[in-house]
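Residues per chain are reported as follows:
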Amino acid sequence: MREEEKIMKGVLFCPADPELREMKRKAHNLSMDFNKLYEEETEKRSAILRDLLGSLGEGTFLQGPITFHYGKHTSIGKHTFINFHFTVQDDAPVTIGNNCDFGPNVTIVTPIHPMLPDERRAMLDKDGRITHLCYAKPVVIGDDCWFGANVTVCPGVTIGNGCVIGAGSVVTRSIPAGSFAAGVPCRVIRAITEQDSMRYKPDVLADNRVIDGKISGKTENGGTGS
């Protein structure tokens, strides 16, 4: 079994495997190439992302700088905004839905190392060779989620549709849809309800209005600060 197949099965694999190292080298170089470009060089940036990622939906914008470990193991939906310093250690698959917003410095990780130091240094593979091994668990993020600045999403986590994750949170367990969750470790604070509508915050709403009914797609987003 190839080492990439072991990753997808959730069993121990060797990250130093030559095939995996080449995948990572390509992703690291493409990430660096993206980060060297100016924001207005949209065609070049788009071409790099198409080569780097498993899939990318229309209308999705990555501010940069970005860092992807494999890239090809990450899929991002439509009309998602990703602010600067976005890091994805996507040994296992990472799936991000549509219409999400990511604040600065969000990190998503999937690999897990053994807890015991001796096992973390080395174990024996099927042929009895001393080898460094780890494993990984996928991360799934639903549609319409907002992540504040400096959020870390840990291996094996699923975050349901319509969640808000507070700034600085470390998400170690799955979060049900429609939740506001925050903290270290991240926990559900409460459900998000109609009472959270901006229509009930007239001092902030000012002379703007809430649209009745859902809109398709997403308007231009200049960034999210938290």
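Draft legend 1. Just the environment of Ser-179, in detail. The residue Ser-179 is located in strand 20 (residues 179–182) in this model. In the structure, Ser-179 is positioned 89 residues away from Asp-90 in sequence and 25 Å away in space, judged by C-alpha atoms. With near-sequence residues (within four places) excluded, Ser-179 lies in contact with Gly-162, Cys-163, Val-164, Val-188, Arg-190 and Ile-192.

Draft legend 2. Just the packing of aromatic side chains, in detail. For the coordinates displayed, the defined rule picks out four aromatic pairs. Both rings, one in Phe-61 and one in Phe-81, keep their centres 5.8 Å apart while their planes meet at 15 degrees; by these two values the pair is stacked. Of this pair, Phe-61 sits in strand 2 (residues 61–62) while Phe-81 is found in strand 5 (residues 81–82), placing the two residues 20 residues apart along the sequence. Centre to centre, the rings of Phe-102 and Phe-147 are 4.7 Å apart; their planes meet at 5 degrees, and the pair counts as stacked. Pair noted here: Phe-102 is in strand 8 (residues 101–102) and Phe-147 is in strand 15 (residues 146–147), with a separation of 45 residues, a long-range link. Take Phe-102 and Phe-147: they sit in the same class, and that class is buried.

Draft legend 3. Structural detail: the sheet that holds strand 3 (residues 66–68). With parallel pairing, the five strands of this open sheet are ordered in space as 3-6-9-16-19. The open sheet has two edge strands, strand 3 and strand 19 (170–171), and neither has a second partner. Alignment of strand 3 against strand 6 (residues 86–89), held across three bridges, turns out to be parallel. Within strand 6, the residue paired with Thr-67 across the bridge is Thr-87.

Draft legend 4. How the structure looks around helix 2 (residues 18–35). Under the 1.5 Å per step criterion, the end-to-end length of helix 2 is 26 Å for 18 residues, consistent within 8% with the ideal 26 Å. The complete set of buried residues in helix 2 reads Leu-20, Met-23, Lys-24, Ala-27, Leu-30, Ser-31 and Phe-34. For helix 2, the arc enclosing every buried residue in end-on projection is 130 degrees, short of the 170-degree limit, so these residues lie on one face. Summarising the geometry of helix 2, the exposed residues directed more than 90 degrees from the buried face are Pro-18 and Arg-21. Each element contacted by the buried residues of helix 2 is listed here: helix 1 (3–9), helix 3 (42–52), strand 2 and strand 3.

Draft legend 5. The nonpolar core, seen in detail. Counting residues in hydrophobic clusters, the biggest one holds 34 residues, and the most contacted among them are Phe-86, Ile-141, Phe-147, Ile-159 and Ile-165. Sorting the residues of this core by element identifies helix 2, helix 3, strand 3, strand 6, strand 7 (94–96) and strand 14 (139–141) as the ones contributing at least two each. The contacts of Phe-86, once residues within four sequence positions are left out, are Pro-65, Ile-66, Thr-67, Phe-68, Ile-96, Phe-102, Val-106 and Ile-108. In this structure, Ile-7, Phe-13, Tyr-70 and Ala-136 belong to the second largest nonpolar core, which totals eight residues.

Draft legend 6. Here's a closer look at the pairing of strand 20. As defined by bridge partners, strand 18 (residues 164–165) adjoins strand 20 across two bridges and the pair is classed as parallel. Within the sheet, the bridge partner assigned to Ile-165 lies in strand 20 and is Ala-181. Remark: four residues form the turn of the hairpin made by strand 20 and strand 21 (residues 187–191), two consecutive strands paired antiparallel; Gly-183 in that turn has positive phi of roughly 115 degrees.

Here is what the cut-offs are and how they apply
- Numbers given to residues run from 1 along each chain, matching the order in which its sequence is written.
- Where totals are concerned, whole chains, interfaces and linings use all residues; where local detail is concerned, this predicted model gives features only for residues with pLDDT of at least 70, and gives and counts side-chain atom pairs only at 80 or more.
- Values reported for side chains reflect all heavy atoms of the structure, with hydrogen atoms and water molecules removed beforehand.
- Note on conventions: DSSP H or I runs of at least 4 residues are helices, E runs of at least 2 residues are strands, and numbering of each starts at the N terminus.
- Only heavy atoms enter the contact rule, under which two residues are in contact if any of them lie within 4.5 Å.
- Whether two aromatic rings pair depends on their centres lying within 6.5 Å, for rings of Phe, Tyr and Trp, where Trp uses its six-membered ring; planes under 30 degrees apart make the pair stacked, over 60 edge-to-face, and the rest tilted.
- To sort residues, take the accessible area from a 1.4 Å probe on protein chains only and compare it with the maximum for the residue type: under 20% means buried, over 50% means exposed, and anything in between is partly exposed.
- DSSP calls a pair of strands paired once it identifies at least 2 bridges connecting them.
- The span one expects for a helix is its residue count, reduced by one, times 1.5 Å.
- Note that the arc is defined by the directions from the helix axis to the C-beta atoms.
- Joining through side-chain atoms within 4.5 Å is the link that ties buried Ala, Val, Leu, Ile, Met, Phe, Trp, Tyr and Cys residues into a set, and such a set is a nonpolar core.

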